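# Observations on the model geometry
Take a look at the letters that make up each chain.
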Amino acid sequence: ALAHASALIASFLGPILFLVLADDDDELVKQNAKNALNFQIIIFVLLTISGLLTIVLIGLLLLPIVLLIDLILVLIATLKAKDGNIYKYPYTPSII
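What this report covers is the structure whose coordinates are included nearby. This one's a predicted model, so the numbers in the text were calculated from it and none came from an experiment.

### Here we look at a nonpolar patch on the surface
Taken together, the side chains of L8, I9, L68, L71, I72, L75 and I76 present a nonpolar region at the surface, about 650 Å² in accessible area. Of all the secondary structure elements, the ones that give two or more residues to the nonpolar patch are α1 (2-9) and α4 (58-82). With five residues, α4 is the largest single contributor of residues to the nonpolar patch. Along the chain, I76 turns up in helix α4. Owing to a relative accessible area of 34%, I76 belongs among the partly exposed residues under this scheme.

Below you can see the structure in the form of structure tokens.
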């Protein structure tokens, strides 16, 4: 659960730390950390695109929407992972 919640404070760093520091036999932590990292990579790409689109003012609308989606989905993932489930973010490919 902390792998997901750490993404709110340290976007990439939190899930990477949990992925590196997880025990080899702790598949729940490793899988949740991978899913959190994949999602944060997608959020980074979306924020970069939104930032570039601020030139034509569309990004000013997209930036808060992407940040809100990030907050909501990370909170949902944290609650699901706290119950011992592996949470897969919607529309997120497996990059890692």
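Let's pick the thread back up.
### Considering the nonpolar core
A36, F39, I43, V66, L73, V74, A77, Y87 and Y89 together form the largest nonpolar core, which totals nine residues. When residues of this core are traced back to their parent elements, those giving at least two are α3 (27-53) and α4. It is α4 that provides the largest number of residues to this core, a total of four residues. Discounting chain neighbours no more than four positions away, the residues touching Y87 are H4, N32, N35, L73, I76, A77 and K80.

### Description of the packing of helix α2 (residues 13-21) against α3
Following both chains from N to C, one finds α2 and α3 inclined at 155 degrees, their axes separated by 8 Å at the closest point. Here α2 lies roughly antiparallel to α3, going by the angle between them. For the element pair α2 and α3, the recorded crossing hand is left-handed. The residues of α3 that touch α2, namely those facing P15, I16, F18 and L19, are V29, K30, A33, K34, A36 and L37.

Reading guide: rules and limits
Residues numbered from 1 in each chain as written. Predicted model: local features only at pLDDT ≥ 70, side-chain atom pairs only at ≥ 80, totals over all residues. Heavy atoms only, no water. Patch = residues over 30% accessible without salt bridge, like charges linked within 9 Å, V, L, I, M, F, W, Y side chains within 5 Å. Areas by Shrake-Rupley, 256 points an atom, 1.4 Å probe, with all protein chains shown as cover. Salt bridge = Lys/Arg side-chain N within 4 Å of Asp/Glu carboxyl O. Helix = DSSP H or I, 4+ residues; strand = E, 2+ residues; numbered from the N terminus. Buried < 20%, exposed > 50% of the residue type's maximum accessible area, 1.4 Å probe, protein only. Core = buried A, V, L, I, M, F, W, Y, C linked by side-chain atoms within 4.5 Å. Contact = heavy atoms within 4.5 Å. Axes fitted to C-alpha atoms, helices over the stretch in contact; angles between N-to-C directions. Parallel < 35°, antiparallel > 145°, perpendicular 65-115°, else oblique. Left-handed = near helix turned anticlockwise from the far one by under 90°.

Note that all results are geometric; they support no functional claim without further evidence.
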